[in-house]
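Next come the chains, spelled out residue by residue.
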Amino acid sequence: MNVKLAPLSVALAGSLLAAPAFAEMHWQNNSLTYLYGKNFSVDSGEDGREAAIQQTITFEHASGWSWGDMFLFVDHKWFNGHSGKDGRTYYGEFSPRLSLGKVTGKDLSFGPIKDVLISATYERGESQADGTPNQVYLLGPAVDLAVPGFDRFAVNTYYRKPDGATGKPGGQWQITPTWAMTIPVGKSDILFDGYIDWVVNDKKSGGTELKKNFHFNPQVKYDLGKALNQKAGMLYVGIEYDYWTNKYGIEDSGAFNTDNNVVNFIVKAHYF
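Please read all numbers here as calculations on a predicted model, not as lab measurements.

Definitions and cut-offs
Residues numbered from 1 in each chain as written. Predicted model: local features only at pLDDT ≥ 70, side-chain atom pairs only at ≥ 80, totals over all residues. Heavy atoms only, no water. Pairing = 2+ DSSP bridges. Helix = DSSP H or I, 4+ residues; strand = E, 2+ residues; numbered from the N terminus. Buried < 20%, exposed > 50% of the residue type's maximum accessible area, 1.4 Å probe, protein only. Phe/Tyr/Trp six-rings, centres within 6.5 Å; stacked < 30°, edge-to-face > 60°. Salt bridge = Lys/Arg side-chain N within 4 Å of Asp/Glu carboxyl O. Axes fitted to C-alpha atoms, helices over the stretch in contact; angles between N-to-C directions.

Peer 1: Break down the pairing of strand β6 (residues 134-145) for me, with residues and values.
Peer 2: Sheet topology note: the strand β5 (residues 113-125)/β6 ladder contains 12 bridges and is antiparallel. Across the sheet, residue Asp115 finds its bridge partner in β6, namely Asp144. Relative to strand β7 (residues 152-162), β6 runs antiparallel, the two sharing seven bridges. If you follow Tyr137 over to β7, its bridge partner there is Lys161. The hairpin turn running from β6 into β7, its antiparallel successor, is six residues long, and Gly149 in that turn takes a positive phi close to 90°.

Peer 1: Lay out the environment of Leu139 in plain terms, naming residues and giving numbers.
Peer 2: Within the element layout of this structure, Leu139 appears in strand β6. Note on Leu139: relative accessible area 33%, which makes it partly exposed. Along the chain, Leu139 and Thr157 lie 18 residues apart, while their C-alpha atoms are 7.7 Å from each other.

Peer 1: Quick one: what's the story with the packing of aromatic side chains, residue by residue and with numbers?
Peer 2: A full pass over the atoms with the stated rule returns 11 aromatic pairs. Each ring, one from Trp244 and one from Tyr248, has its centre 5.1 Å from the other, and the planes form 75°; the classification is edge-to-face. Using a relative accessible area of 35% as the deciding quantity, one classes Tyr248 as partly exposed.

Peer 1: Explain the pattern of salt bridges residue by residue, including any values.
Peer 2: Any two side chains of opposite charge can pair, so long as their charged atoms come close to each other. One pass over the full model with this rule turns up eight salt bridges. With a closest N to O distance of 3.2 Å, Arg160 and Glu123 form a salt bridge. Here Glu123 lies in strand β5 and Arg160 lies in strand β7, a separation of 37 residues in the sequence. By relative accessible area, which is 14% here, Arg160 ends up buried. With a closest N to O distance of 3.5 Å, Glu209 and Lys211 form a salt bridge. A residue is classified by how much of its surface remains accessible, and Glu209, at 35% relative accessible area, is partly exposed. Residue class for Lys211 comes out buried when judged on its relative accessible area of 14%. Beyond isolated ion pairs, a larger network of salt bridges with shared partners links Asp69, Arg97 and Asp144.

Peer 1: Explain the sheet that holds strand β2 (residues 54-65) residue by residue, including any values.
Peer 2: The strand order around the closed barrel formed by 12 strands is β1-β2-β3-β4-β5-β6-β7-β8-β9-β12-β13-β14, and the pairing between neighbours is antiparallel. Direction aside, neighbouring strands of the sheet carry axes that sit 20° apart on average.

This is how it looks when you write it as structure tokens:
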């Protein structure tokens with residue numbers, strides 16, 4: 001890893017976890033998700049075809065700490081109809097957030113704002129064929145909001161900095177709301193959660209350009225475990241809607257479709 005690029009998300013979490021008295025875990029949640037969907041754009045191998053069927057196994061971890069919170073996930077994807085390296089890939093994100101209210105010991109709430117934070121994210125995909133890393137660093141302010149009817153609602157704002165070795169320009173801004181809402185239905189619940197990644201501006205450097213893009217990724221899941229008289233919040237089934245314009249910052253065109261519009265089937269199991 002290039003030290004000069006200063007991967008802030010990793011450094012931030014590392015420094016916090018290195019202080020035992022400061023890094024006390026208050027809660028955690030871990031899960032595995034299986035997703036099945038069809039006709040994804042871009043992620044289809046070198047021949048440019050859309051992946052007729054894409055299957056994904058996702059590991060997720062979320063935890064709350066005395067300094068803030070942390071979220072990470074890793075996707076392992078398979079593209080049916082492709083073989084070798086064209087038939088699979090991986091992608092992950094690591095997102096620690098530093099709570100200014102917790103570290104200062106002050107109540108920073110006002111109006112609908114519950115807390116003010118500094119949010120960082122490290123994005124990592126599969127390296128390019130020549131070994132060049134595919135990674136992006138994000139940093140910016142965030143707020144946790146008290147919104148009626150929602151279990152949680154947060155808005156993170158980021159400045160995006162791709163690894164300079166990729167040749168991709170830095171300087172895009174991203175707004176990322178995340179949310180969760182529990183809706184009672186009969187003897188069980190429906191969980192409506194998800195996120196939006198909205199990159200609001202184009203950025204060009206030399207012959208390389210990243211376009212503004214909008215990624216809307218909600219999930220609607222039924223608590224099957226609770227319906228079967230098991231512990232609530234442990235086993236879900238449902239759907240995920242994946243809508244993404246100019247996917248990965250690649251401009252959509254008649255020659256190359258980069259607008260994603262896919263429904264995934266989901267099975268998600270939580271463990272602690």
